[in-house]
Amino acid sequence: MAAHAALSQYLISGLTTGSVYALTALGYCLIYNATKVVNFAQGDFLSLGGLLFYSLLSGLGLPLVPAFVLAVAGVALAGALMERLCLRPARSRDLMVLIFITVAASILARGLMKTVWGKQTLPLPSISPEIPLRFMGAAFTPQNLWVLGITLAAILGLKHFFDRTLTGKAMRAMAANPRAASLMGIDTAGLTTLSFALAGALGALAGILITPITSLSYDVGVLLGLKGFAAAVLGGYGSFAGAVAGGLILGLLESLCAGLLSSAYKDVLAFLVLLLVLFLRPSGILGVKEGRS
Amino acid sequence: MLEVSGVHYFYGQARALSDVSLNLDRGEVVSLLGMNGAGKTTLLNILSGVLKPTRGQVLLDGNPAPKGPVALVRAGVVQVPEGRQVFAPLTVRENLEMGAYIRLKAGEKAAVARDLERMLALFPILGTRIGGRAGDLSGGEQQMLAMARGLMAAPRYLLLDEPSLGLSPKVAAEIFRVIRDLPATGCGVLLVEQNALGALSVSKRGFILTTGSIRFSGDPADILRDAQLREAFLGQACQPDLSRDGQTDAQAGQA
């Protein structure tokens, strides 16, 4: 019975962090599909989301929902600005150059966040009061449900956007063939900016959802961002379904590893998985194999 | 009328086009022939706004053409790129919708739906694969899809880059038949082709481009009749079957 309860406990906490990895991985995918760039500032979108949410709630005293919406919109704007002000002016098609620009943007963003919010850990409240809940012997809080629910809503929203809306289809067309897309009159520059904004919004969601559980500081996104990257690689870099699967699998593995072996190895696991995937199956679980278009 | 006048283009130091002038009317198919590297695709890219001419200008209905591919598509100038370039992971239907992207954005849903039906009538094979991934189509089907996708933009001028490349003679003939009938619907066609005979058979006029300059322009029949032009500018590709099929094709086109 105790083993049973422990297992459901691992599952719930694994799915919770896994959801956050999935949101982060989706952010990587969005930008990769639009530009083939790996955005190393994706983790900083998480930090910024949490920090903005904190300031809007505690600093300005806004109610929960407006603070939530404004924080997500704020990071979306930051994402769009990053594309417009850092990547586009480079006018480079060299991916190495563009990727290093994202590294620079990440360092710059972290410095700015440290200046504005300081180095200390900030107390970000949960979305709803922390009433302990029980399910199949496992204890959890409403925050776990918020994480799962909002992640699910975000995934369904993205799916609807890409499958049903004209702009979403145009973004898929651009990902498949940017040159042909622009010959169809698709505004590829505008859609690239939109991809960064969406990636920012997803990062903000992840940050707002996870930092009440972990902790909030200007650099909380660094490790989470890297783990989200590992999840994206595990799922097959660029594949949306892969990002979700990779995120959940990684979250579950971490939680099981922490529970059954030792929590000391928890953070190593993501990178072990990353290495194994790169050695054994670089295309990931759902990715497209090299050589197939 | 879509025209380029006195256009020069340089890739860095390398001259790709030199003082090229050419025009296209809505009621005609015009062939642009020449060997690899002659500058045909460069010229198409200039007409569709992908490249900006180093010197000279592009005119649309007598005025300077709008800049950039998005504005040109909106103005009715649509390029179908070489090598099909369909959106492989998207369905056939979604590919066709993307062709009409600008019109759908402008809210022309009903007209686009009508045109989609028209495309499926023009290329019935696409109708049978409408929900399938475009990347799973055969080469010929992809070429038909690429053309149908271009036509979904309701172009006044269609720029086709090597539409028969790599196709079986039967499928190529079908493509040329569709091209021949486009001017009647108010769509002028500029046809860049390696398959000179096929192209000339459906064209009202032909241009031959060699190393960046127009060397000949005029009646397709003159190109086919002139042994020197044939040999010098169209290459060996069309030599073997010139004696029989070539002539009959050309005559069929003029008839």
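Residues numbered from 1 in each chain as written. Chains lettered and ligands numbered in written order. Predicted model: local features only at pLDDT ≥ 70, side-chain atom pairs only at ≥ 80, totals over all residues. Heavy atoms only, no water.

A. Region of the structure containing the overall build of chain B. A count of helices and strands for chain B gives 12 helices and 10 strands. On C-alpha atoms alone, chain B measures out to a radius of gyration of 18 Å, which is about the 18 Å that the 2.2 N^0.38 rule sets for 255 residues. With respect to the three principal axes, the spread of C-alpha positions in chain B is 50 × 40 × 30 Å. Relative to its full complement of 255 residues, chain B shows a buried share of 54%. (Helix = DSSP H or I, 4+ residues; strand = E, 2+ residues; numbered from the N terminus. Rg over C-alpha atoms; globule rule 2.2 N^0.38 Å. Buried < 20%, exposed > 50% of the residue type's maximum accessible area, 1.4 Å probe, protein only.)

B. Representation of the sheet that holds strand β7 (residues 157-161) of chain B within the structure. All names here are of chain B. Overall, mixed pairing links the 6 strands, which are arranged β6-β7-β8-β3-β9-β10 in an open sheet. Two strands close off the open sheet at either side, each with one partner strand: β6 (77-80) and β10 (213-218). Ignoring strand direction, the axes of neighbouring strands in this sheet form an average angle of 15°. Relative to strand β9 (residues 205-210), strand β3 (residues 29-33) runs parallel, the two being bridged by 4 bridges. Across the sheet, Leu-32 pairs through a bridge with Phe-207, a residue of β9. Contacts from helix α7 (residues 139-151) reach β6 and β7 within the one sheet, and its direction differs from that of β6 by about 170°. (Pairing = 2+ DSSP bridges. Axes fitted to C-alpha atoms, helices over the stretch in contact; angles between N-to-C directions. Contact = heavy atoms within 4.5 Å.)

C. Highlighting the interface of chain B and chain A. Contacts between the two partners involve 24 residues from chain B, matched on the other side by 19 residues from chain A. Buried area between chain B and chain A, both sides added, is near 1900 Å², and the carbon and sulfur share of it is 63%. On the chain B side of the contact with chain A, Phe87(B), Met98(B) and Tyr101(B) bury the most area, a combined 30% of that side's loss. A salt bridge links Glu94(B) to Arg172(A); the nearest nitrogen and oxygen atoms lie 2.9 Å apart. The tally of links between chain B and chain A comes to 3 residue pairs in polar contact (both at pLDDT 80 or more). Secondary structure elements with two or more residues in the side of chain B that touches chain A: α2 (69-74), α3 (92-99) and α4 (101-105) of chain B. Its residues placed into classes, the side of chain B that touches chain A shows 14 nonpolar, 5 polar and 5 charged. (Buried area = accessible area lost by both parts, 1.4 Å probe. Salt bridge = Lys/Arg side-chain N within 4 Å of Asp/Glu carboxyl O. Polar contact = N/O pair within 3.5 Å; in protein donor to acceptor, adjacent residues only side chain to side chain. Nonpolar A, V, L, I, M, F, W, Y, C, P; charged D, E, K, R; others polar.)

D. Representation of the sheet that holds strand β4 (residues 55-60) of chain B. Residue and element names in this part refer to chain B. The sheet built from 4 strands is open, its strands ordered β2-β1-β4-β5 with antiparallel pairing. If you trace the sheet from one side to the other, it starts and ends with β2 (14-24) and β5 (63-64), each paired once. Pairing of strand β1 (residues 2-11) with β4, which is carried by 5 bridges, proceeds in the antiparallel orientation. Bridge pairing in β4 places His-8 opposite Arg-55. Contacts from helix α1 (residues 40-47) reach β1, β2 and β4, with the element oriented near 120° to β1.

E. Summary view of the pattern of salt bridges. Under the definition given, this model contains 20 salt bridges over all chains. Glu28(B) is paired through a salt bridge with Arg205(B); the nearest N and O atoms lie 2.6 Å apart. Separated by 177 residues along the polypeptide, Glu28(B) in the loop between β2 and β3 and Arg205(B) in strand β9 bring together distant segments of the chain. In this structure Glu28(B) comes out as buried when scored by relative accessible area, which is 4%. When salt bridges that share partners are traced, they join Lys159(A), Asp163(A), Arg172(A) and Glu94(B) into one network.

F. Molecular detail of the packing of helix α2 (residues 42-59) of chain A against helix α3 (residues 64-87) of chain A. Residue and element names in this part refer to chain A. α3 packs onto α2 with a crossing angle of 140° between their chain directions and a minimal axis gap of 8 Å. Classed by the angle they form, the pair α2 and α3 counts as oblique. The crossing of α2 and α3 is right-handed. Between α2 and α3, the residues in contact are Phe-45, Leu-48, Gly-49, Leu-52, Phe-53, Leu-56 and Leu-57 and Leu-64, Ala-67, Phe-68, Leu-70, Ala-71, Gly-74, Val-75, Ala-78, Gly-79 and Met-82, respectively. (Parallel < 35°, antiparallel > 145°, perpendicular 65-115°, else oblique. Left-handed = near helix turned anticlockwise from the far one by under 90°.)

G. How the structure looks around the packing of aromatic side chains. Residue and element names in this part refer to chain A. Enumeration over the complete set of coordinates arrives at 9 aromatic pairs over all chains. Measuring from centroid to centroid gives 5.6 Å for Tyr-28 and Phe-229, while their planes differ by 65°, and the two rings are edge-to-face. Remark: Phe-229 occurs in helix α9 (residues 220-235) and Tyr-28 occurs in helix α1 (residues 2-35); sequence separation between them is 201 residues. Of the two residues examined, Tyr-28 and Phe-229, each falls in the buried class. Both rings, one in Tyr-28 and one in Tyr-237, keep their centres 6.4 Å apart while their planes meet at 55°; by these two values the pair is tilted. (Phe/Tyr/Trp six-rings, centres within 6.5 Å; stacked < 30°, edge-to-face > 60°.)

H. How the structure looks around α7(B). Look at α7(B): 18 Å from first C-alpha to last across 13 residues, which is about the 18 Å you get at 1.5 Å a residue. Among the 13 residues in α7(B), 12 count as buried, and that is most of the element. (Expected span 1.5 Å × (residues − 1).)

I. Structural context of unusual backbone geometry. Residues and elements named next belong to chain B. If you check the backbone angles, Asp-61 has positive phi at about 50° while not being a glycine. In this structure, Asp-61 sits in the loop between β4 and β5. For Thr-211, which is not glycine, the phi torsion reads 35° and is therefore positive. In this structure, Thr-211 sits in the loop between β9 and β10.

J. Expanded view of a nonpolar patch on the surface. Residues and elements named next belong to chain A. Where nonpolar side chains cluster on the molecular surface, the patch consists of Leu-260, Leu-261, Tyr-265, Val-268, Leu-272, Leu-275, Leu-276, Phe-279 and Leu-280 and spans about 1000 Å² of accessible area. Of all the elements, helix α11 (residues 266-280) adds the most residues to the nonpolar patch, at 6 residues. With respect to the element layout, Val-268 can be found in helix α11. (Patch = residues over 30% accessible without salt bridge, like charges linked within 9 Å, V, L, I, M, F, W, Y side chains within 5 Å. Areas by Shrake-Rupley, 256 points an atom, 1.4 Å probe, with all protein chains shown as cover.)

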